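Each chain, letter by letter, is given below.
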Amino acid sequence: MGTEGPPKTRNDGGDNDGINKTKEQKAIDDWLPITSSRNAKWWYSAFHNVTAMVGAGVLSLPSAMSNLGWGPGVAVLVMSWIITLYTLWQMVEMHEMVPGKRFDRYHELGQHAFGEKLGLYIVVPQQLIVQVGTNIVYMVTGGQSLKKFHDIVCPSCKSIKLTYFIMIFASVQFVLSHLPSFNSMSGVSLAAAVMSLTYSTIAWTTSVAKGVQPDVDYGYKATTRPGTVFNFLNALGDVAFAYAGHSVVLEIQATIPSTPEKPSKRAMWRGVVVAYIVVALCYFPVALIGYWTFGNSVKDNILISLEKPAWLIALANMFVVIHVIGGYQIYAMPVFDMIETVLVKKLHFKPSFILRFIARNFYVGLTMFIGITFPFFGGLLGFFGGFAFAPTTYFLPCVIWLLIYKPKRFGLSWWTNWICIVLGVLLTVLSPIGGMRNIILQAKNYQFYS
């Protein structure tokens, strides 16, 4: 016991002790990446949200359409856009619902709604699965796009393993992961947002130019009823993955300044509306035109199906790489914040560059290793999309809203939230089944580190 630090019990007469603790707490908050800077503008919210949402998911939407079919596919896309915009609005509103307090992190909002311990147990595992899962998928996506770029630019060159391309992508993340906060990576995020709009536009315009393929088939890809059902469930997870920016929205809003006259929710919401317009401009043309062009023969990454003009497809793949570089950092920053909070507040390490250097490099290395070991792109999207992305995006904000605001029973708000909750729970339960089946099928012929 003698090796412990200062006593944790409060000294009732110790005003100085309280002041010192406040200063120490402020110093830690100023060091942690989420709360270190609060000078972001509304357009930071726009491109951070675009970068968080439009990513690997948009490339899988034509494949998801091929497993859903025209009617269900369009319905799922539109409903997801509306539901997730609504739940995102709820989170923006709840950020400062307690006067004088800001819920800078998703788990802090969860703790306010469910209680100190239960809130952590409910929110943190799901948020970590979303963020770490996205980082793993982005490792795979970045590596695949680099490989595709290499193969198009130099078809006569010796084939290089996907493993090495994932390692090349990871090497960039090892460098960028040392940007201290969200605001310090705003330039990276802006470039990523522009790239997402650019390669999405290339994907659907090239599909239009290609035209409907000979013998195009809009029937379901699977030849058996169980296969069709499993693929349908996996496609639901693909769509859920595409609308997965909610796990970082409070952390993004935390970077925006707030006063009683100008609360952060105004600037944040303006950025969200712009972001969702960009999301619609990316998602709907890519999903519908990609499926219209290739039917059920479309690959789980639309850019793999598009082969000509070669220079444009190569360029689009490089744009994807630039985008997922920024997207990786958007999802990694809250994880860095969690890791560094535990190290400094719980384990009482002193905030330092060395601590941050070791912790962040370890995390990037871990996601690289998992991505190299399990590069099942389509299956990963479906599995992660349903398992954790649906709760944090589709219904957890609604549950918190009902607990805190207690809207009138059977009123519009009550019904809206319960419909979102029911749909979100069904998505959470069903879509991972399809994703896991796809992973198992792809793993049959897979050799590790090939």
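Residues numbered from 1 in each chain as written. Predicted model: local features only at pLDDT ≥ 70, side-chain atom pairs only at ≥ 80, totals over all residues. Heavy atoms only, no water.

As annotated in an unreviewed UniProt entry, the protein chain carries the name Amino acid transporter transmembrane domain-containing protein and is attributed to Citrullus colocynthis. The heading Sequence similarities (unreviewed entry) in the UniProt record of the protein chain holds the text "Belongs to the amino acid/polyamine transporter 2 family. Amino acid/auxin permease (AAAP) (TC 2.A.18.1) subfamily." Of the protein chain, the UniProt comment under Subcellular location (unreviewed entry) reads exactly: "Endomembrane system". (UniProt positions renumbered as here; feature names shortened; annotations may be inferred.)

What follows covers helix α5 (residues 106-114). The element α5 is largely enclosed, with a buried count of 8 among its 9 residues. Tyr 106, His 107, Glu 108, Leu 109, Gly 110, Gln 111, Ala 113 and Phe 114 are the residues of α5 that are buried. Positive phi shows up at Gly 115, right after α5, with a value of about 110°. (Buried < 20%, exposed > 50% of the residue type's maximum accessible area, 1.4 Å probe, protein only. Helix = DSSP H or I, 4+ residues; strand = E, 2+ residues; numbered from the N terminus.)

Attention now goes to the packing of helix α6 (residues 116-153) against helix α14 (residues 353-373). Two numbers describe a pair of packed helices, the interaxial angle and the distance between the axes. With their axes 8 Å apart at the nearest point, α6 and α14 run at an angle of 60° to one another. Judged on the interaxial angle alone, α14 and α6 are oblique. For the crossing formed where α6 meets α14, the hand is right-handed. Mapping the contact onto sequence places Gln 131, Val 132, Asn 135, Ile 136, Met 139 and Val 140 in α6 and Tyr 363, Val 364, Thr 367, Met 368, Ile 370 and Gly 371 in α14. Taken together, the residues of the contact of α6 with α14 sort by class into 8 nonpolar, 4 polar and no charged. (Axes fitted to C-alpha atoms, helices over the stretch in contact; angles between N-to-C directions. Parallel < 35°, antiparallel > 145°, perpendicular 65-115°, else oblique. Left-handed = near helix turned anticlockwise from the far one by under 90°. Contact = heavy atoms within 4.5 Å. Nonpolar A, V, L, I, M, F, W, Y, C, P; charged D, E, K, R; others polar.)

Moving on to the packing of aromatic side chains. Each aromatic ring pair is characterised by the separation of its centres together with the angle its planes make. Per the counting criterion, the structure on display carries 16 aromatic pairs. Aromatic rings pair up to connect Tyr 86, Trp 89, Trp 401 and Tyr 405 into one cluster. Its end group placed over the ring of Trp 31, Arg 356 keeps NZ or CZ at 4.2 Å from the ring centre. (Phe/Tyr/Trp six-rings, centres within 6.5 Å; stacked < 30°, edge-to-face > 60°. Lys NZ or Arg CZ within 6 Å of the ring centre and 35° of its normal.)

Its place among the elements puts His 48 in helix α2 (residues 42-53). On the accessibility criterion, His 48 (0% relative accessible area) is buried. At 2.8 Å, the side chain of His 48 forms a polar contact with the side chain of Ser 189. If we skip the residues at most four places from it in the chain, His 48 touches Phe 182, Ser 186, Ser 189, Ile 252 and Ile 330. (Polar contact = N/O pair within 3.5 Å; in protein donor to acceptor, adjacent residues only side chain to side chain.)

Counted by the stated rule, this structure contains 7 salt bridges. The partner of Glu 108 in a salt bridge is Arg 105, with the nearest N and O atoms 2.9 Å apart. According to the relative accessible area criterion, Arg 105 is buried, its value standing at 9%. Here the residues in one salt-bridge network are Arg 105, Glu 108 and Asp 337, joined through shared partners. (Salt bridge = Lys/Arg side-chain N within 4 Å of Asp/Glu carboxyl O.)

Moving on, we come to the state of the cysteines. This model, assessed by the stated rule, comprises 1 disulfide. Note that Cys 154 is cross-linked by a disulfide to Cys 157, the S-S spacing being 1.5 Å. Linking Cys 154 and Cys 157, the disulfide has an S-S dihedral of approximately 65° and is accordingly described as right-handed. Classification of Cys 157 by relative accessible area gives partly exposed; the value is 37%. With no disulfide of its own, Cys 398 has Cys 420 as its nearest cysteine by sulfur position, at a separation of 4.2 Å. (Disulfide = S-S within 2.5 Å.)

The biggest cluster of nonpolar side chains holds 110 residues, and the ones touching the most others in it are Tyr 243, Tyr 283 and Ile 302. When sequence neighbours within four positions are dropped, the list of residues in contact with Ile 302 reads Leu 59, Pro 62, Ala 203, Ser 207, Val 286, Gly 290 and Phe 294. In terms of nonpolar packing, the next biggest core, distinct from the first, is built from 7 residues, Ile 28, Trp 31, Leu 343 and Val 344 among them. (Core = buried A, V, L, I, M, F, W, Y, C linked by side-chain atoms within 4.5 Å.)

Next up on the list: unusual backbone geometry. Notably, His 348 is not glycine yet its phi reads approximately 60°, a positive angle. You will see that Lys 406, though not glycine, has its phi angle at about 45°, which is positive.

Turning our attention to the side chain of His 107. One can find His 107 in helix α5. Here His 107 falls in the buried class, since its relative accessible area comes to 15%. If sequence neighbours within four positions are ignored, His 107 has contacts with Leu 120, Val 123, Val 124 and Gln 127.

The subject of this paragraph is a nonpolar patch on the surface. Side chains of Met 79, Phe 410, Trp 415, Trp 418, Ile 419, Val 422, Leu 423, Val 425, Leu 426, Val 429, Leu 430 and Ile 433 sit close together on the surface and give an oily, nonpolar patch of about 1,100 Å² of accessible area. Here the nonpolar patch takes 10 residues from helix α16 (residues 412-443), the largest share from any one element. Relative to the assigned elements, Trp 415 resides in helix α16. Residue Trp 415 is classed as partly exposed on the basis of its relative accessible area of 44%. (Patch = residues over 30% accessible without salt bridge, like charges linked within 9 Å, V, L, I, M, F, W, Y side chains within 5 Å. Areas by Shrake-Rupley, 256 points an atom, 1.4 Å probe, with all protein chains shown as cover.)

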